[in-house]
Amino acid sequence: MPDGPGVADVRDAVEAVAPRETTARRALHRAHGAWMGGMTTRTTTWVNSSGASRAYVAHSASEGTATMRFAKDVFAGTCGGITVTLLGHPFDTVKVLLQTQSSKNPVYSGAVDAASKVIKQEGFKGLYRGVTSPLAGQMFFRATLFFSYARAKEFVGVSPDDPLSYAKAGAMAWMAGTFFESPIDLYKSQWQCQLIKAKADPKYVSPYNSVVDVVKESIKHNGIRGPYQAFGATLTRNLPAGAVYFGVFENVKNQFAAMNADGKATNAQIVLSGGIGGFFYWSLFYPIDVVKSALMTDAVNPAQRKFSGFFDAAGKLYASGGVRAFYRGLVPCLLRASPANAGMLFTVDYVRRLID
């Protein structure tokens, strides 16, 4: 049947309007596409037979092969690992010293006291004690983490319209990353805690001459499970913390992008988003990290350990200092969290934009 009067004109008008996007949706999805691990995002609006308009997002491969996407994710993550280690390791050293010192006979009165004593006795390089392990390890860990995050986002199908989708992808990515982070953190913590033992007891002689010695001892006493001392505690922290970390970062960045005319977050806004994500990560889950540190700095020889597991460590920590025992070292941790994570997430984002 031929169209009635005016129907052809209405149809032509609808077809002309259909491909166009709203500014807000275009802004959000451009921001979303920048983090889709090499996938470009296109939003198309269409009108169904009842006249209701709907929108769908289509993804198309734009980087070429999966190998190229993998290489870009790994390179950007490696750069992020270098950044977070160089910016954050001095604060991490102070945090570990405060977390693991005795409640009854503390060596340091606070973060500033700990940092000043280390610098006075060993110079500024003392704050980078044990940095070799995390520097090499963080490069590998962050490369794995951000590659996993890019793939997790594709699997989940993240969208600015679904804020929780980023949290789901973040939890998945950090679960995978924990298998690489846990050994790195163990050897770093074991090496760092030698400093406080030497300060508490001038006659103390460290059983290790290097991080390599720690690795050998842990494998000697525990076999292939050696590198995964306190793995359960690390995973307990990382699953919810990873969800919050990436969820907050991505959603804050998307909000900034939606406010900008070009639909992209500025460098300053990305840095701020990363800092906020890092702050929430540590402020919410710090008590779990304290228990993890206690388990990781415990003896690698099971026969010499003070704690039998997560709940035993938590109970003994509470008995030694009450609730305050779970917040020792919080200040240097929060001082580290914002700049280190802001620098890392900005670096990853910036490198990806440069090489895409």
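Residues numbered from 1 in each chain as written. Predicted model: local features only at pLDDT ≥ 70, side-chain atom pairs only at ≥ 80, totals over all residues. Heavy atoms only, no water.

Participant: Can you help me understand empty space enclosed by the protein in this one?
Facilitator: The gaps left among the atoms become clear once a water-sized probe is rolled over them. Scanning the model with the defined rule gives 1 cavity of 30 Å³ or more in all. Quantified by volume, the largest cavity comes out at close to 300 Å³. If you trace the largest cavity, you find 25 residues lining it, with D92, Q138, R142, E181 and R336 closest to the centre. At the level of secondary structure, the elements contributing two or more residues to the lining of the largest cavity comprise helix 3 (66–100), helix 5 (132–156), helix 6 (164–200), helix 8 (231–259), helix 9 (267–296) and helix 11 (330–355). Among the elements that line the lining of the largest cavity, the one with the most residues is helix 3, at 7 residues. (1 Å grid on protein atoms, 1.4 Å probe; cavity = no way out; pocket = protein on both sides within 12 Å on 5 of 7 lines; lining within 4 Å. Points joined across faces, edges and corners; volume = space filled by probe spheres on them. Helix = DSSP H or I, 4+ residues; strand = E, 2+ residues; numbered from the N terminus.)

Participant: Got a minute to help me understand a nonpolar patch on the surface in this structure?
Facilitator: On the surface, F140, M175, F179, F180, Y228 and L239 cluster together into a nonpolar patch covering about 530 Å² of accessible area. The biggest single contributor to the nonpolar patch is helix 6, with 3 residues. Here L239 is to be found in helix 8. (Patch = residues over 30% accessible without salt bridge, like charges linked within 9 Å, V, L, I, M, F, W, Y side chains within 5 Å. Areas by Shrake-Rupley, 256 points an atom, 1.4 Å probe, with all protein chains shown as cover. Salt bridge = Lys/Arg side-chain N within 4 Å of Asp/Glu carboxyl O.)

Participant: Sorry if this is basic, but what is going on with unusual backbone geometry here?
Facilitator: The phi torsion of most residues other than glycine is negative, and most of the peptide bonds are trans. At A230, a residue that is not glycine, the phi angle is positive and equals roughly 70°. Secondary-structure assignment places A230 in the loop between helix 7 (211–222) and helix 8.

Participant: Help me out: how do you make sense of the confidence of the model for the protein chain in this one?
Facilitator: Close reading of the predicted structure is inappropriate where its pLDDT is low. For the protein chain, mean pLDDT is 79; residues scoring 70 or higher make up 78% of the total. Predicted confidence in the protein chain is weakest over strand 1 (residues 39–47), with a mean pLDDT of 42, and strongest over helix 8, with 95. Taken together, the stretch residues 17–63 has pLDDT below 50 and engages in 99 contacts with residues farther than four places along the chain or on a different chain. (pLDDT = per-residue confidence, 0-100. Contact = heavy atoms within 4.5 Å.)

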